[in-house]
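Secondary and tertiary structure notes
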Amino acid sequence: NAGVMQNPRHLVRRRGQEARLRCSPMKGHSHVYWYRQLPEEGLKFMVYLQKENIIDESGMPKERFSAEFPKEGPSILRIQQVVRGDSAAYFCASSPSRIPSTDTQYFGPGTRLTVL
Amino acid sequence: AQRVTQPEKLLSVFKGAPVELKCNYSYSGSPELFWYVQYSRQRLQLLLRHISRESIKGFTADLNKGETSFHLKKPFAQEEDSAMYYCALSSGGYNKLIFGAGTRLAVHP
C-alpha cells in the first residue's frame, strides 16, 4: 500500500489563476479530509468527504474553494482565482471510517501552493 | 470554542534529559486527543492517542480533564526524537482534527 498520494507536491500559480490539488486515499479508505497549514500555524480542517458526498465543509472559505471526491479517481481540492493569502501547504488525510477512537487518519505528503 | 494550545514553539534539550511537550485544550464534550509527529522530510504520522493508554517510542501522554491538558512526556530524550510534534483534538462525529500550532523538539548530543 503506497499510502496517501498527493500531487503535485509543489504548485506555483499567479494571482487569478486556478489551482487543482489531487489526493488519492489509501486503498480501502473511503473517508478523505483536507487540511490547510499556513506558515507558523497548525493544520486547519477544511472539508471532509466520502465518495460522491461532501459531509462537512465547515472549514472551507465560502468563496473560490470547492472539493469533490468522485466515484472514480482522486479527491480534488479546487481553488479559483487564487490570491497571495492562499499560499500554504495543503494536506490530505484518509481513513477507513470516521471513528476517532479506532481509526487513524493517514496523511499525505502535502502540496505546497505558492501564489506569486 | 474548540481549541488546542501548544505554548512552546521550540523545546531544546540535551540527549538523555527528560522531555515534556505541553498541550492544553478547550472542548465542551468528551475529547479524543492525539499526538502526531513529523520527522524531517517525512509525513505527519500518529504517535499516540489517549484512549489507547500506550507508550510509543518511550513517549506517554495522560489526559488530565481537570487541567484540560494532554502533555507528552519522555524520561530520556534521544537525538532521533528531534521532530515537529502536534497535539490534536477530534471534534464531533466526523473525526475532523483540530491541531495545535506545533512544538519543534530539538535534541542535542
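Refer to the preceding data block for the structure.
The following paragraphs examine the structure supplied in this document. (Residues numbered from 1 in each chain as written. Chains lettered and ligands numbered in written order. Predicted model: local features only at pLDDT ≥ 70, side-chain atom pairs only at ≥ 80, totals over all residues. Heavy atoms only, no water.)

Here we look at unusual backbone geometry
Residues and elements named next belong to chain A. The condition is simple: What counts as a helix is a DSSP run of H or I of at least four residues, what counts as a strand is a run of E of at least two, and both are numbered from the N terminus.
Proline 8 follows asparagine 7 through a cis peptide bond whose omega is -5 degrees. Following the sequence through the fold, proline 8 ends up in the loop between β1 (5–7) and β2 (10–13). The phi dihedral of glutamate 40 falls on the positive side, at around 65 degrees, and the residue is not glycine. Here glutamate 40 shows up in the loop between β4 (31–37) and β5 (43–50). Backbone geometry at glutamine 81 places phi at a positive 45 degrees, although glycine is not the residue there. Relative to the assigned elements, glutamine 81 resides in the loop between β8 (75–79) and β9 (88–95).

With respect to the environment of Arg49(B)
Residue and element names in this part refer to chain B. Put simply, the rule is: With a 1.4 Å probe rolled over the protein chains alone, any residue whose accessible area is under 20% of its type maximum counts as buried; one over 50% counts as exposed, and the rest are partly exposed.
By the secondary structure assignment, arginine 49 is in strand β6 (residues 45–49). According to the relative accessible area criterion, arginine 49 is buried, its value standing at 8%. With 16 residues separating them along the chain, arginine 49 and leucine 33 place their C-alpha atoms 5.8 Å apart.

Looking at the nonpolar core
Our working rule: Take the buried residues of types Ala, Val, Leu, Ile, Met, Phe, Trp, Tyr and Cys, join any two whose side-chain atoms come within 4.5 Å, and each joined set is a nonpolar core. Contacts between residues were defined by any pair of non-hydrogen atoms, one from each residue, lying within 4.5 Å.
The biggest cluster of nonpolar side chains holds 25 residues, and the ones touching the most others in it are Trp35(B), Leu47(B), Leu48(B), Phe70(B), Leu72(B) and Tyr85(B). Breaking this core down by element, the ones donating at least two residues are β2 (10–14), β3 (19–21), β5 (32–38), β6, β9 (83–91) and β11 (103–108) of chain B. At four residues, the largest contribution of residues to this core is made by β9(B). Not counting residues within four places of it along the chain, the set of residues in contact with Phe70(B) comprises Cys23(B), Leu33(B), Phe34(B), Trp35(B), Leu48(B), Arg49(B), His50(B), Ala61(B), Asp62(B), Leu63(B) and Cys87(B). If you look at the next biggest cluster of nonpolar residues, it comprises 23 residues, including Val47(A), Leu49(A), Leu77(A) and Leu113(A).

Details of the state of the cysteines
Residues and elements named next belong to chain B. The following threshold applies: Two cysteine sulfur atoms make up a disulfide if the distance between them is within 2.5 Å.
Enumeration according to the criterion identifies two disulfides over all chains in this entry. At a sulfur-sulfur separation of 2.0 Å, the disulfide partner of cysteine 23 is cysteine 87. Given an S-S torsion of about -65 degrees, the disulfide between cysteine 23 and cysteine 87 has left-handed geometry. Note that cysteine 23 is positioned in the loop between β3 and β4 (24–26) and cysteine 87 in strand β9, a separation of 64 residues in sequence. Both residues of the pair, cysteine 23 and cysteine 87, count as buried.

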